[in-house]
Amino acid sequence: MPATVVVGTQWGDEGKGKIIDFCGQGADVIARFNGGSNAGHTVMVGKELFRFHLIPSGTIRTEKLNIVGNGVVVDPAVLLKEIEELKGRGYPVDNLRISERAHMVMPYHKVLDGLEESLKGSLKAGTTMRGIGPCYEDKAARIGIRTGDLLDERLLRERLEYLVPMKQRVIRAYDGEEVLSVKGLLEECLGYGSKLKDYITDTSLLLHDALREGRQVLFEGAQGTHIDIDHGIYPYGTSSNCVVGAAAVGSGIGIRHMREVIGVVKAFTSRVGTGPFPAELSDPQASYLRDKSLGEYGTTTGRPRRVGWLDLVMLRYSARVNSPDYLAVTKLDVLAGIDPVRVCVEYEYDGEVMRNFPANMNVFASCRPVFEELPGWEDIREDTWKEALKVGYDELPGEMREYLHFLSKETGVPVGLISVGPDREATLDIRG
Ligand code: IMP
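Not measured: the values here are computed from a predicted model. (Residues numbered from 1 in each chain as written. Predicted model: local features only at pLDDT ≥ 70, side-chain atom pairs only at ≥ 80, totals over all residues. Heavy atoms only, no water.)

1. Focus on the overall build of the protein
When you go through the protein residue by residue, the secondary structure sums to 14 helices and 20 strands. For the protein, whose C-alpha radius of gyration is 22 Å, the value lies close to the compact-globule estimate of 22 Å for 432 residues. For the C-alpha atoms alone, the extent of the protein along its principal axes is close to 65 × 50 × 40 Å. A total of 432 residues make up the protein; the buried ones form 57% of that total. Surface summary for the protein: the accessible area is close to 17,900 Å², and the carbon and sulfur share equals 49%. (Helix = DSSP H or I, 4+ residues; strand = E, 2+ residues; numbered from the N terminus. Rg over C-alpha atoms; globule rule 2.2 N^0.38 Å. Buried < 20%, exposed > 50% of the residue type's maximum accessible area, 1.4 Å probe, protein only. Areas by Shrake-Rupley, 256 points an atom, 1.4 Å probe, with all protein chains shown as cover.)

Right under this line is the structure:
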């Protein structure tokens, strides 16, 4: 099984960090392929909590190679901060490599993120303000700067000499106040280059060699299918591809190597940012779930996440575009104690039943959720969950198994992993 890809099936924040950490145990190489410091992956190892934005969660497993692929947009300041933090906690971080083809988030991208959002009116996506959109815009416009460019002073100077006046005009046109200087940016970038030079390399080659040698590679998807630039809720999503196909493009290896796809599903739905959310819950149930789940505040922005019932219309679409072999269902413990549990099985639009996710956001905004009710399961203590997991699937509450069976039947994808808490031990692997 050379390469496994883990992707989010909802709006991001499905608990991928935990699943990647769990699956990472058997991997030799862990690679990120999309997004940037807008992502936030939380991993709990024993009593130690780690939050990553940019570097792969596997970097704490010092014996494994960790890769930031070409599809990622790298904010060098965030990257260096994460490296320094990990070093301060006793991790050498000599197992990290960054693609020379990955684009750099420049300081002006963050300025433009704020300015663009302020002028977008109802098209505002509620971005994380990390410069993600403007960086991918420049990549597509072929005016980006890549990490490899940091190591070539002449090339970098040439780029900045035409880019800085161009960006300055755009910032002024948006009534922005930021003053850019070629000299200042050049110095900043060369400084990043000297600190990052040992990490920057041809990571596609490293992956290729690892796969050729039969080593196990785990691809760590960031964000989720429904904020993917093509398959998400355009224009309210992010600017990268978050679906399984992006793992090949964003890392520089062929799809033939991808042998297993895991779609991570949170047992309920959550989202940060703006836009329609048919299965959204209101208070007091929303704050009950948010508070019980503890983590339902954006890892990157700290914003409270909007929460709702599980939405099968979304999940059927995700199953279609990602072809997962298994679903990994997280936070089943959070839903415990609610009875009955509701699941959105289809939408109603203009008097018609809709089972497929619409592309048109005006249509989506007018969709009303159609719910089915299932019996809830008992809320039990964390150690009781862990004891049950040790015995096996049949020890889990019958109603919970019924919920999982329903989810699997409706999406056509078997459940392969179950998570009932933040710890590694609170995970059950039932993949065949
Ligand atoms: P951007 O990626 O910062 O441009 O933000 C665009 C939209 O995607 C906003 O609604 C963000 O809240 C959302 N978003 C970006 N990254 C994540 C993530 O990792 N989890 C959940 N939502 C995200």
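There's plenty left to go through after this.
2. Regarding the nonpolar core
Formed by 56 residues in total, the largest nonpolar core has its most connected members in L332, L335, Y347, W377, Y403 and I418. For this core, the element with the highest residue contribution is helix α10 (residues 312-322), accounting for 6 residues. When near neighbours in sequence (up to four residues on either side) are disregarded, Y403 contacts A267, L310, L332, L335, V341, V343, L374 and W377. Core analysis: the second largest hydrophobic core is formed by 40 residues, L115, L160, L180 and C189 among them. (Core = buried A, V, L, I, M, F, W, Y, C linked by side-chain atoms within 4.5 Å. Contact = heavy atoms within 4.5 Å.)

3. Comments concerning the packing of aromatic side chains
All chains considered together, the criterion is met by 9 aromatic pairs. With a centroid separation of 6.4 Å and 65 degrees between ring planes, the pair formed by F33 and F219 is classed as edge-to-face. In this pair, F33 is assigned in the loop between β2 (29-32) and β3 (41-45) and F219 in strand β10 (residues 217-220), connecting sequence segments 186 residues apart. In this structure, F33 and F219 share a single accessibility class: buried. The ring centre of F50 lies 4.1 Å from the NZ or CZ of R89, which sits over that ring. (Phe/Tyr/Trp six-rings, centres within 6.5 Å; stacked < 30°, edge-to-face > 60°. Lys NZ or Arg CZ within 6 Å of the ring centre and 35° of its normal.)

4. A closer look at the pattern of salt bridges
For the structure shown, the criterion picks out 27 salt bridges. Via salt bridges that share partners, R316, E346, R355, K409 and E410 belong to a single interconnected network. (Salt bridge = Lys/Arg side-chain N within 4 Å of Asp/Glu carboxyl O.)

5. So, the site of the ligand
Among the 16 residues in the neighbourhood of the ligand, the closest are listed as D13, N38, A125, T128 and T238. In the environment of the ligand, an oxygen atom lies 2.8 Å from a nitrogen or oxygen atom belonging to the backbone of A125. Q223 places a side-chain nitrogen or oxygen 3.3 Å from a nitrogen atom of the ligand. Coverage of the ligand by the protein chains reaches 96% of its 470 Å² of free accessible surface. Along the lines of polarity and charge, the residues of the shell around the ligand split into 6 nonpolar, 8 polar and 2 charged. (Near = heavy atom within 4 Å. Polar contact = N/O pair within 3.5 Å; in protein donor to acceptor, adjacent residues only side chain to side chain. Nonpolar A, V, L, I, M, F, W, Y, C, P; charged D, E, K, R; others polar.)

6. Details of the packing of helix α3 (residues 107-119) against helix α5 (residues 153-173)
Here α3 crosses α5 at 20 degrees, and the two axes come no closer than 11 Å. In terms of their interaxial angle, α3 and α5 are classed as roughly parallel. Of the two possible hands of crossing, α3 and α5 adopt the one that is left-handed. Of α5, the residues touching α3 (which contributes Y108, V111, L112 and L115) are L163, K167, V170 and I171. Within the contact of α3 with α5, the residues separate by chemical class into 7 nonpolar, no polar and 1 charged. (Axes fitted to C-alpha atoms, helices over the stretch in contact; angles between N-to-C directions. Parallel < 35°, antiparallel > 145°, perpendicular 65-115°, else oblique. Left-handed = near helix turned anticlockwise from the far one by under 90°.)

7. Describing unusual backbone geometry
A cis amide bond links D283 to the next residue, P284, at an omega of 5 degrees. Geometrically, the link from D339 to P340 is a cis peptide bond, its omega value of 0 degrees lying close to zero. Assignment of secondary structure puts P340 in the loop between α11 (332-335) and β16 (341-349). Look at V93: it is not a glycine, yet its phi comes out positive at around 55 degrees. The topology assignment puts V93 in the loop between α2 (76-88) and β7 (96-99). With phi around 55 degrees, D350 is a residue other than glycine that occupies positive phi space.

8. Digging into the packing of α3 against helix α4 (residues 132-141)
In the contact formed by α3 and α4, the axes pass within 7 Å of each other and the chain directions differ by 110 degrees. In terms of axis orientation, α3 runs roughly perpendicular to α4. Every pair of crossing elements has a handedness; the one defined by α3 and α4 is right-handed. Contacts from Y108, H109, L112, D113 and E116 in α3 reach I132, P134, C135, E137 and D138 in α4. Taken together, the residues of the contact of α3 with α4 sort by class into 5 nonpolar, 1 polar and 4 charged.

9. Considerations on the pairing of β10
Along any regular strand, the residues point their side chains to alternate faces of the sheet. Across the two faces of β10 the burial is the same, with V217 and F219 and L218 and E220 all buried. Both strand β1 (residues 3-8) and β10 contribute to a ladder of 4 bridges, which runs parallel. Note that in β10 the partner of V6 across the bridge is E220. By the bridge criterion, 4 bridges tie β2 to β10 in an arrangement that is parallel. Bridging across to β10, I30 finds its partner in L218. (Pairing = 2+ DSSP bridges.)

10. Brief notes about the environment of P76
Mapped onto the fold, P76 is located in helix α2. Taking C-alpha positions, P76 is 35 Å from I418, a pair spaced 342 residues apart along the chain. Once residues within four sequence positions are removed from consideration, P76 is found in contact with M104, V105, Y192 and L196.

11. Considering the sheet that holds strand β20 (residues 427-429)
Sheet architecture is open: 10 strands sit in the order β9-β7-β5-β2-β10-β1-β11-β15-β19-β20, paired in mixed fashion. Of all the strands in the sheet, the pair left with one neighbour each is β9 (200-201) and β20.

12. Describing a negative patch on the surface
A contiguous patch of negative charge on the surface is contributed by D339, E378, E399 and E402. Mapped onto the elements of the fold, E402 is located in helix α14 (residues 398-411). Residue E402 is classed as partly exposed on the basis of its relative accessible area, which comes to 39%. (Patch = residues over 30% accessible without salt bridge, like charges linked within 9 Å, V, L, I, M, F, W, Y side chains within 5 Å. Lys, Arg positive; Asp, Glu negative; His and termini not counted. Charge placed at Lys NZ, Arg CZ, Asp CG, Glu CD.)

13. Some thoughts on α14
Three or four residues apart is the spacing at which side chains of an α-helix point the same way, because the helix has 3.6 residues per turn. With 14 residues, α14 extends 20 Å from end C-alpha to end C-alpha; this agrees with the ideal 20 Å at 1.5 Å per step. Every buried residue belonging to α14 is among M400, Y403, L404, F406, L407, S408, E410 and T411, and all of these are buried. Just downstream of α14 lies G412, where phi reads positive at about 75 degrees. (Expected span 1.5 Å × (residues − 1).)

Keep in mind these values describe shape, not function.
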